[in-house]
Each structure stands twice: as C-alpha cells, then as structure tokens.
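Now for the letters of each chain:
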Amino acid sequence: MGVRSRYGAANPERPANPAAPAAWRNWAGNVTVRPLRTVAPSSTAALAEAVRRAAEDGLTVKATGTGHSFTPVAATGGVLLRPERLCGVREIDRERGTVRVAAGTPLRQLNETLAAEGLSLANMGDIMEQTVSGAVSTGTHGTGRDSGSLAAQLRGLELVLADGSVLRCSAEKHPGVFAAARVGLGALGVISELTFAVEPAFLLSAREEPMPFARVVAEFDRLVTENEHFEFYWFPHTECCLTKRNNRSPGPARPLPRLRGWLDDELLSNGVFQAACSLGRAVPGTVPALARLAGRALSARRYTDIPYKVFTSPRRVRFVEMEYALPREAAGPALRELRSLIERSDFRIGFPVEVRVAPADDIPLSTASGRDTVYIAVHMYRRTPHQAYFTAAERVMTAHGGRPHWGKLHSRDAAYLAGAYPRFGEFTALRDRLDPDRVFTNDYLRRVLGD
C-alpha cells in the first residue's frame, strides 16, 4: 500500500457560486473575455455539477488557470471555471513515487510542498505562477536532454467529461484517453486532479555564462549532449548570448548569496529590464543600444541548489510570446535564418530569443511528440507592436516543420497542424467521442482542431 500524506483538500466544500458577469484578462493583457457566469468549484463533485448545469443550459465551458497563456485557449462567453478553490496537494505516495494534486494548485505551491517533504519533480519550466492543470494542458516544458515536459511526468489524471461524469485514467486504465488528455487543450474535458511522478530531492549545479552567438550555435549539439539541461538566450542586435547549464550534483548545496540573487534576478532582470523595455517602447531607436548594453552587462555565475530554485526565476516584466518546436537538427539553420531576418529588417527587438530542448515523447499533441525537439521562443514587451516580427519569425519556423506552442501566439490552423502531428486524427476522433456536442469548444479550438 502507498503511504498517504497528511495533505487534504485545501478548501472546505461549498456550493458553486456563480458570480456577476465580469471581464477576465490573461497575464499579458492581450486576451479579455466576459463570460456569462463564473464558477469557482472546490471539489470534483462541484466541478462536475457546474459542467452538467452548463451543458443543460446550452452553454460552453472553459477552465482557466492563472492566465499565463497568450492564446485565448481558455476564453469563453459561457461558463468560466476558476481554479483558486480547487487547490492543494491531496496525497503523497512515497512507495510509488507519486504526488496527487488538485488541478488549480499553483506550481509554486506544489514545488514548495514537495521540497518540504524531500521530493522533487524531475524537470519544470522557468515560472511557477501557472496552475498544474493549465501548465500540463498546454504543453508547458522546461529544457532537458533526457527529461521532458510536465505532461510527460504525469502518471494519472481525473477528467470531468461533457455529461458531468468523472473519468480516472492512467497508462493502465483508459490508456487512450490518458495518452491524449495529458496535452488536451481543455478540449476533452476539465481536469480536476493530476498525479505526477516525483523522486527524492536532488541538487542541481547551475553554470551560467556569456557566449558569442556564433559559438553557441556551432557547439549547440555538443552543449546539449554534454549537459542534462541546457538553454540559452540570444540578445538580438548583438553577438551576446547567456548560456545556462544545469546538471545533477552530489553537493554540497551552495545557493546564490542573497544579495547576488537580488541584484541579478530582481534589480537587473526585472527592475532595470522593465525600465529599458519602457524606454524602448517609447523610443524604439534606443533598442539596439540598450541590447548591446545588456549584453555587456552579462556575467558568469555558478551555484548549487534544489531543483525548483535553479529551474525557475521571477518574471515580473510582462510580454507576449510565440514559441515553435522544431526538429532538433533544425536548430542551427533556423537560428541563423532568424538572425539574418532581424538584421535585414527594421525590427527593434528588446527581448532575448530563448532556446531550449526536449526529448521525444509519446503524447499525441505534445510539441515533442515523436521527435527530439528544439524550442525557439520570441518575445516582445506587452503593448509593443509585435505582429510583423512574429509573422516573419513564424515563416522561418514553419519552413522547418515547426509546431507552435499551444499557449503562445501563432497563426496556424487545423489544416497545418494535421500535417505537423502524425497523431492529430487520433486526438480529434477522441474529441468527437468524448465531446460530440462541443461543450468545451471556443474560437481558438475551432481554429486549431477544426469543428
């Protein structure tokens, strides 16, 4: 038998409470919707009842997280399900190496709880503000030679279907649903609970250092092969890149000194960068000079700490983002083409380009499905014109067979995506079976999945 933890539901059961219509906005502020009603269920039963009632009323249903998707994947004019009361770690099973957690739990809470119990996820992205269900459903990932996305670390999930029934699934139970629902875009049902694989806590040794663009691109394959977790940021209009190498360490722990961490991650990466972005938006001609100044300010640092303190960092400067997943071998050509594109244009790009990797997985709509993957992400400060830059960058990415991140801006539709994903038809057939009346649809899903 597994060992049950002391954790229970974070909130007592209360009846679903429809709120007066109010606008909902995502984190970046580029998506705004006004649902007919909002519901914040605090249990699977309350969530199922909210879905049943919506279906009876002929309304669509979408569950939102903390709004860190840049696409309207969670937008609805019907019933919007809020996550804040469906929250908390429910069970830790040390023998099986799993943690069972409510869908609305923020990644920060999950990571902190696991660390207090001497446990950790194997890999994660670089922010902790998302809910676990939102992060999984849109394919959120970090960087890893051998360890994949959050969805690839799932061992089970609980799904509320369109008729209000509850389906528990795993690789052993309803494996077809489990395979697809790990990155389900909210199109198959509403996730109410997830079970992740965990392992005993370990230490990561972080090595961060500047490196010229030409060198990091030329040595990219070696850097990925030699490190468990490798990523880099290139500053457009410069030769400057910041590389990050994270590898497991026997210790001892050597965290960043508190003052150095505050200077790098708060003052420079957030405070000074915010001021630079604001100046660049007001006076675009200053952007190249600011980028060169930022590149010269890059410095090396090394430290060793528990995983979530190495993988993640605070992101307080708000932006919009597009990210594409390409075959790993396309990294060099695509990056050189993107750089050439920026140099030939009059674009003024104040945000770095982020490059990460993931191993192939077996999830139908995962951006790493069936192939080792490189991720190339472009960003712009929010409320700064971005469409021309993103459109041009997207042409580079699609020329290499790129797959857009489901939660980040892109213009692809079902016709393109059906060719990019060999198992696309498997997913849409399952959607037809589980949600034939499209209780969980919205405009975004109609575009990317078809009617």
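Residues numbered from 1 in each chain as written. Predicted model: local features only at pLDDT ≥ 70, side-chain atom pairs only at ≥ 80, totals over all residues. Heavy atoms only, no water.

A. Expanded view of the packing of helix α10 (residues 331–344) against helix α11 (residues 387–399). The contact between α10 and α11 brings their axes to 10 Å, and the two run at 150 degrees. One finds that α10 runs roughly antiparallel with respect to α11. Helix-helix and strand crossings are classified by hand; for α10 and α11 the assignment is right-handed. Between α10 and α11, the residues in contact are A334, E337, L338, L341 and I342 and Y389, A392, A393, V396 and M397, respectively. The class makeup of the residues in the contact of α10 with α11 is nine nonpolar, no polar and one charged. (Axes fitted to C-alpha atoms, helices over the stretch in contact; angles between N-to-C directions. Helix = DSSP H or I, 4+ residues; strand = E, 2+ residues; numbered from the N terminus. Parallel < 35°, antiparallel > 145°, perpendicular 65-115°, else oblique. Left-handed = near helix turned anticlockwise from the far one by under 90°. Contact = heavy atoms within 4.5 Å. Nonpolar A, V, L, I, M, F, W, Y, C, P; charged D, E, K, R; others polar.)

B. Here's a closer look at empty space enclosed by the protein. Scanning all chains against the criterion turns up four cavities of 30 Å³ or more. Here the second largest cavity is characterised by a volume of approximately 60 Å³. Lining the second largest cavity we find M124, G125, D126, G142, T143, H229, E231, N246, F311 and R356. Per-class residue counts for the lining of the second largest cavity are two nonpolar, five polar and three charged. (1 Å grid on protein atoms, 1.4 Å probe; cavity = no way out; pocket = protein on both sides within 12 Å on 5 of 7 lines; lining within 4 Å. Points joined across faces, edges and corners; volume = space filled by probe spheres on them.)

C. Geometry of the state of the cysteines. A full pass over the atoms with the stated rule returns zero disulfides. As a non-bridged cysteine, C240 has C241 as the owner of its nearest cysteine sulfur, 7.7 Å distant. (Disulfide = S-S within 2.5 Å.)

D. Region of the structure containing the sheet that holds strand β16 (residues 301–305). Taken together, eight strands build an open sheet; the order of strands is β16-β13-β15-β14-β18-β19-β17-β20 and the sheet is antiparallel. Whereas interior strands pair on both sides, the edge strands pair on one side only; in this sheet they are β16 and β20 (403–404). Lying on the sheet, α10 is in contact with β14 (229–234), β17 (319–327), β18 (353–358) and β19 (373–381); it crosses β19 at an angle near 20 degrees. On top of the sheet, α11 reaches β17, β18 and β19; it is set at about 10 degrees to β17, its chief contact. (Pairing = 2+ DSSP bridges.)

E. Seen up close, a nonpolar patch on the surface. On the surface, a cluster of nonpolar side chains totalling about 540 Å² of accessible area is made up of L259, W262, L263, L267, L268 and V272. Mapped onto the secondary structure, W262 falls in helix α7 (residues 258–282). By relative accessible area, W262 is classed as partly exposed at 46%. (Patch = residues over 30% accessible without salt bridge, like charges linked within 9 Å, V, L, I, M, F, W, Y side chains within 5 Å. Areas by Shrake-Rupley, 256 points an atom, 1.4 Å probe, with all protein chains shown as cover. Salt bridge = Lys/Arg side-chain N within 4 Å of Asp/Glu carboxyl O. Buried < 20%, exposed > 50% of the residue type's maximum accessible area, 1.4 Å probe, protein only.)

F. Representation of the sheet that holds strand β7 (residues 98–102) in the model. With antiparallel pairing, the five strands of this open sheet are ordered in space as β6-β7-β11-β9-β10. Every interior strand has two partners, whereas the edge strands, β6 (89–93) and β10 (166–170), have only one. Each strand axis lies, on average, 15 degrees off the axis of its neighbour in the sheet, ignoring direction.

G. Representation of the packing of aromatic side chains. Applying the stated criterion to the full structure yields 12 aromatic pairs. Measuring from ring centre to ring centre gives 5.0 Å for F213 and W234, while their planes differ by 55 degrees; the resulting arrangement is tilted. Here F213 is found in helix α5 (residues 213–218), whereas its partner W234 is found in strand β14, with 21 residues between them in sequence. Given a relative accessible area of 3%, F213 falls into the buried group. On the basis of relative accessible area, W234 is assigned to the buried category, the value being 2%. Ring geometry for Y389 against F390: centres 5.8 Å apart, planes inclined by 55 degrees, an arrangement best described as tilted. Exposure class is identical for Y389 and F390. Each is buried. Here a set of aromatic residues connected by ring pairs shows up, and it is made of W27, F70, F273, F319 and F351. Directly above the aromatic system of Y416 lies the positively charged group of R412, at a separation of 5.0 Å from the ring centroid. (Phe/Tyr/Trp six-rings, centres within 6.5 Å; stacked < 30°, edge-to-face > 60°. Lys NZ or Arg CZ within 6 Å of the ring centre and 35° of its normal.)

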